[in-house]
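Structure at a glance
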Amino acid sequence: QVHLVESGGGSVQPGGSLRLSCAASGRDFDITDMGWYRQVPGEQRELVATITGSAGATYGDFVKGRFTVSRDGAKNTVYLQMKSLKPEDTAVYYCKVVYRVEAGVRHFASWGQGTQVTVSS
C-alpha cells in the first residue's frame, strides 16, 4: 500500500501563505493522480486541487487563483502553495493519491491522515 506523509499545515493570519507537501512512498506503484482535498467538521470533503500524470491541474471553484498545485515526479511529492488565505479556508487538508501497481488490473487510492490549516487573526 502507498503511504502518504503530509506536512506544512499550521495557523496563519488572514492574507498569509502556507505551503503544504505530501510525499508518497511504497514499492512498484505508478501514480496517475495526486492532490488535495479539504473538509470542515459537519461538511463533506471537497476538492482543492489535483494534478494528473502528464495532464494539467484541476482546482476547486473557491480557489480563485490563490492556490497552485505542483508535483515533483522524482520525489513522488505534491505541493500546494496557498496565498491570500481567508478564514473560510480553515479546514483539515487531506492528500490523496490514485495509483496502479505493476501487473495490476485496477486503480487504488490512498489518503493521508490530514493536516490542519487554521486562518484567524
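Scroll up for the structure.
Summary of the structure given here. Bear in mind that the values here come from a model prediction, so they are computed numbers and not experimental data. (Residues numbered from 1 in each chain as written. Predicted model: local features only at pLDDT ≥ 70, side-chain atom pairs only at ≥ 80, totals over all residues. Heavy atoms only, no water.)

**Some thoughts on the pairing of strand β5 (residues 46-52)**
- Two elements, strand β4 (residues 29-39) and β5, share six bridges in a ladder whose sense is antiparallel. Bridge pairing in β5 places R38 opposite E46.
- Where β4 folds back onto β5 in an antiparallel hairpin, the turn is made up of six residues, including G42, whose phi is positive at roughly 85 degrees.
- Two strands pair when backbone bridges link them, and β5 and strand β6 (residues 57-59) are joined in this way by three bridges, in the antiparallel orientation. (Pairing = 2+ DSSP bridges. Helix = DSSP H or I, 4+ residues; strand = E, 2+ residues; numbered from the N terminus.)

**What about the pattern of salt bridges?**
- Scanning all chains against the criterion turns up three salt bridges.
- Ionic pairing is found between E46 and R38, a salt bridge with its closest N-O pair at 2.9 Å.
- Among the residues examined, E46 registers a relative accessible area of 34% and is labelled partly exposed.
- Between D89 and R38 there is a salt bridge, and its shortest N-O distance comes to 3.0 Å. (Salt bridge = Lys/Arg side-chain N within 4 Å of Asp/Glu carboxyl O. Buried < 20%, exposed > 50% of the residue type's maximum accessible area, 1.4 Å probe, protein only.)

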